[in-house]
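Chain by chain, the residues:
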Amino acid sequence: MKVFKSRIFKIFLIILIIGILIVCNWSRIINLMLPAGSRPAKINFKVEKVTSDEVDMIASELQSLYSDKFDHIERFKEAGILAYEGPQTCLSCHKTMKLTDPETGKEREVDLMENLTSSVHYRFYSKKHPNVYGFNGKLADNFAMGKINRPCPKPGSFAMTAWSEIVKTKDGKTMSEGCGQCHIGGQYQAPLGDMMPFYKPIQSEKDAIDCLICHSVAYDMNKKEVIEEDGRKRWGQDRSMKAALAVGTPTSQTCLRCHQHNFGGDLYIDKTDDSFMESLKNTGTTKSRVLHPGSKRGTPYSPEWDVHAAAGISCIECHDTFGHYIAKGTHTTTMMANDLSNTEVTCEKCHTSEPHENNAELADYLNAHVENIACQTCHIPSLHPDNATMRDFDKPEYEEHEGIYIYSDIEKKNKPGEGIKYAWWNGDGTFLGNPIGDNPNGKNLYKFYNPRFIWPEFKDFNYNKWYEDVMRPVAKKGRPSKLYAMKLFNGRQHIDLQNIGPFGGMFIPYNLPHYYLTGDQDKAASKEMEKPMMKMMYGWMFKYYMMDKFISFMDVDSWNTKAYKDVVNNKKVEARWLPNDALMEISHAIRLKGALTCNNCHDPNGVLDWKALGYDDEEIEMYQQDPLK
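Presented here is a report on the structure given in the accompanying data block. (Residues numbered from 1 in each chain as written. Predicted model: local features only at pLDDT ≥ 70, side-chain atom pairs only at ≥ 80, totals over all residues. Heavy atoms only, no water.)

Moving on, we get to the overall build of the chain. Tallying secondary structure elements over the chain gives 25 helices and 18 strands in all. Relative to a compact globule of 629 residues, whose C-alpha radius of gyration would be 25 Å, the chain shows 26 Å and is just as compact. Expressed as lengths along the three principal axes of its C-alpha atoms, the size of the chain is roughly 80 × 70 × 65 Å. Put simply, the chain has 629 residues, and 54% of those count as buried. Excluding contacts between residues fewer than 6 apart, the proportion of contacts in the chain whose partners are at least 24 apart in sequence is 71%. (Helix = DSSP H or I, 4+ residues; strand = E, 2+ residues; numbered from the N terminus. Rg over C-alpha atoms; globule rule 2.2 N^0.38 Å. Buried < 20%, exposed > 50% of the residue type's maximum accessible area, 1.4 Å probe, protein only. Contact = heavy atoms within 4.5 Å.)

Okay, structure coming up:
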């Protein structure tokens, strides 16, 4: 009996030791599962060391260039800091933060690095998506999802593979490209291990974080170029003392170093104040970043286009924060990742529910509309002319001035009723960017999903029955809907035909260096599929941990891993439009001048498609009469 107990104890002890080893080294074990090129590694960033006199010279230069009060200059002097060595320099004073939670109103102290590395801006995903529904009618919650793993026909690429690329042009010039340019991490790859349960970023990942791109007024965007070392590529950073001494609270200009690409696109620069376009003016010195035509949203945030930017309102005055958690708001169709998913970002926070008061004759009438019509609907009267509404990756065009092939934006519409569409929206969205909602008239005439590019495999699929059985109940149980202005978009990209459903399928990403250089879209798709991460995505581990659930939200039974060999050989692959146009939320480019008036909507030739919005003939006739009645 004693021998038996002794054996049990030894087995328990061995299991305990193995468990402790796994827990202590779990993150390293996860990273070893990744392909070698996708693992984080220690990076030796160049450290600029200066003297006390040089600190004074830098301080004098900063004060001559900017009106900001740089309080860290004196702090650096007092602490004797003469070199910026990345996050460890920041953590010497800022190890913890006292924060007020915007969702509870309670104050608590948090670990800064833990707060940062658990944020969407670092992870590129979140697990909470309380307003995102799959086409199977199920909530896509408690599931790692965001830019890190969602392919999109806007960039035509995948953050898991197209992280940092060197593009060669026809004339031999080299350029920088990839998703990593808009990420605060500085590793050779996206934080892929972070998607696995119980993962904690290892020290080399923390050391590579780029604190200054968000916090420094004097950050040099010319240093954001792809660096190649030891056969691996990563994005450079500005770790100079000039940038370090100029730190402070993020401003609109610092946010727009990344987000301008989304709002106004890569070609628009505000003539009245180009400080909002640092990333477009400073594109690099030796390997400049590729600038892409066609704006994703078409809503620049700059003084020329937005009254809030003109008034000097910074992003985080509206987007509440909890340290490095930043509220997206509870209304979204496309940004599935959201740090503070229950925190509102609304016009009413500043403007109240009765914002119209200047026009005594119309104030009551206009305020009555606020209950059913969102502010953006009237106050975004147009999109930027470079706004892309239909993007075709299957028809690359050669750009002479850049020396590369680029996708074809075959349609750029920016007017209300054209590039801007109107939809009833309760703040929820489908898995592919459709605003969920219903007409308040309760007549069941409105449908937010109306496919116009039905794929041949599903020509007999009953979309009307599916809508009534699956999506209308989802729309009805949600919050009350308002009429919103939405940005229209559809993209044509290669699709894996063995992983499709009636609402779309798995996009095949393109190898951007090959696509840009040759314009051979088929080969570019095959070449990207050869990367180890794509092979891993089609493997058994991804299937059971992530892809079966991911593809279920497309209303597809299971992830077909056997398709990989065909896809890599460009078999059973075809470029297709999404079955239904996406309608993306737009909340910027807010204007008073030029806002829509009564006649823009209520005139028979106005911007609204009353039938599509779910009104019958009697209602349409009533609303198209004198609106003041």
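A few words now on the side chain of Asp 496. Take Asp 496: it is sitting in strand S15 (residues 482-501). Although Asp 496 lies buried, it forms no salt bridge, and the closest oppositely charged side chain, Lys 572, sits 8.8 Å away as judged by the N-O distance. Among the polar contacts listed, one links the side chain of Asp 496 to the side chain of Tyr 538, at a separation of 2.7 Å. Among residues more than four places away in sequence, those in contact with Asp 496 are Met 506, Ile 508, Tyr 538, Ala 563, Val 567 and Lys 572. (Lys, Arg positive; Asp, Glu negative; His and termini not counted. Salt bridge = Lys/Arg side-chain N within 4 Å of Asp/Glu carboxyl O. Polar contact = N/O pair within 3.5 Å; in protein donor to acceptor, adjacent residues only side chain to side chain.)

This paragraph deals with the environment of Met 277. Mapped onto the elements of the fold, Met 277 is located in the loop between helix H11 (252-263) and helix H12 (278-281). Measuring from C-alpha to C-alpha, the distance between Met 277 and Cys 258 comes to 9.6 Å, with 19 residues separating the pair along the chain.

Moving on, we come to the sheet that holds strand S14 (residues 435-436). A sheet is described by the order of its strands in space; here three strands give the open sequence S3-S13-S14, paired in mixed fashion. Both edges of this open sheet fall to strand S3 (132-133) and S14, since each of them pairs with a single strand only. Where strand S13 (residues 428-430) and S14 come together, two bridges link them in antiparallel fashion. Looking at S14, one finds that Gly 429 is bridged to Pro 435. (Pairing = 2+ DSSP bridges.)

Right, let's get into the pattern of salt bridges. Summed over all chains, the structure comprises 36 salt bridges. We note a salt bridge from Asp 392 to Lys 395, for which the minimum N-O separation is 3.9 Å. Taking the relative accessible area as the measure of exposure, Asp 392 reaches 2% and is therefore buried.

Bringing the packing of aromatic side chains into the picture now. In the structure shown here, the tally under the stated rule is 31 aromatic pairs. Ring geometry for Tyr 449 versus Phe 503: centroids 5.5 Å apart, planes at 75 degrees, classification edge-to-face. Here Tyr 449 is found in the loop between S14 and helix H18 (463-477), whereas its partner Phe 503 is found in the loop between S15 and strand S16 (504-507), with 54 residues between them in sequence. For the residue pair Tyr 449 and Phe 503, the accessibility class agrees, reading buried in each case. These aromatic residues form a ring-pair network of at least three members: Phe 135, Phe 448, Tyr 449, Phe 461, Tyr 463, Trp 466, Tyr 467 and Phe 503. Positioned above the aromatic ring of Tyr 407, the side-chain terminus of Arg 391 is 3.8 Å from the ring centre. The ring centre of Tyr 544 lies 5.5 Å from the NZ or CZ of Lys 543, which sits over that ring. (Phe/Tyr/Trp six-rings, centres within 6.5 Å; stacked < 30°, edge-to-face > 60°. Lys NZ or Arg CZ within 6 Å of the ring centre and 35° of its normal.)

Here Asp 555, not a glycine, exhibits a phi torsion of approximately 65 degrees, which is positive. In this structure, Asp 555 sits in the loop between helix H22 (540-552) and helix H23 (564-568). A relative accessible area of 32% means that Asp 555 is categorised as partly exposed. Backbone geometry places Lys 572, a non-glycine residue, at a positive phi of 55 degrees. Tracing the backbone through its elements, the reader meets Lys 572 in the loop between H23 and strand S17 (573-577).

What follows deals with the pairing of strand S10 (residues 390-399). Across six bridges, S10 lies against strand S11 (residues 404-411) in antiparallel orientation. Across the sheet, Met 390 pairs through a bridge with Glu 411, a residue of S11. Remark: four residues form the turn of the hairpin made by S10 and S11, two consecutive strands paired antiparallel; Gly 403 in that turn has positive phi of roughly 75 degrees. With three bridges connecting them, S10 and S15 associate as parallel partners. Bridge pairing in S15 places Met 390 opposite Asn 490.

A word on the state of the cysteines. Note on terminology: disulfide describes a covalent bond linking the sulfur atoms of two cysteines. Scanning the model with the defined rule gives zero disulfides in all. Cys 182 supplies the cysteine sulfur nearest to Cys 258, a cysteine that is in no disulfide, at a spacing of 3.8 Å. Unpaired in this structure, Cys 601 has its nearest cysteine sulfur neighbour in Cys 378, at a distance of 5.7 Å. Given a relative accessible area of 13%, Cys 601 falls into the buried group. (Disulfide = S-S within 2.5 Å.)

Turning to helix H2 (residues 26-33), a few remarks are in order. If you check which residues of H2 are buried, you get Ser 27, Ile 30 and Asn 31. Axial view of H2: buried residues confined to an arc of 100 degrees, hence all on one face. (Arc of directions from axis to C-beta.)

With respect to the helices and strands, the residue Asp 141 is situated in the loop between S3 and strand S4 (165-168). Other than its neighbours up to four places away in sequence, Asp 141 contacts Lys 127, Lys 128, His 129, Pro 130 and Lys 549.

Turning next to helix H4 (residues 72-79). The complete set of buried residues in H4 reads His 72, Ile 73 and Phe 76. On an axial view of H4, the arc spanned by its buried residues comes to 110 degrees, and they lie on one face. Considering only its buried residues, H4 is in contact with helix H3 (52-65), helix H5 (87-91) and helix H10 (241-245). Count one or two residues on from H4 and you reach Gly 80, which has phi positive near 70 degrees.

With 98 residues, the main nonpolar core has Phe 431, Met 537 and Tyr 538 as its most contacted residues. Setting aside anything within four residues of it in sequence, one finds Phe 431 in contact with Val 132, Tyr 133, Gly 134, Phe 135, Ala 140, Met 145, Arg 150, Met 336, Phe 550, Phe 553 and Met 554. Among the nonpolar cores identified, the runner-up in size contains 28 residues, and Leu 62, Tyr 122, Val 217 and Tyr 219 belong to it. (Core = buried A, V, L, I, M, F, W, Y, C linked by side-chain atoms within 4.5 Å.)

Tracing the backbone through its elements, the reader meets Ile 81 in the loop between H4 and H5. For Ile 81 and Val 55, which are 26 residues apart along the polypeptide, the C-alpha to C-alpha distance reads 9.5 Å. Excluding residues that lie within four positions of it along the chain, Ile 81 makes contacts with Phe 76, Thr 89 and Met 241.

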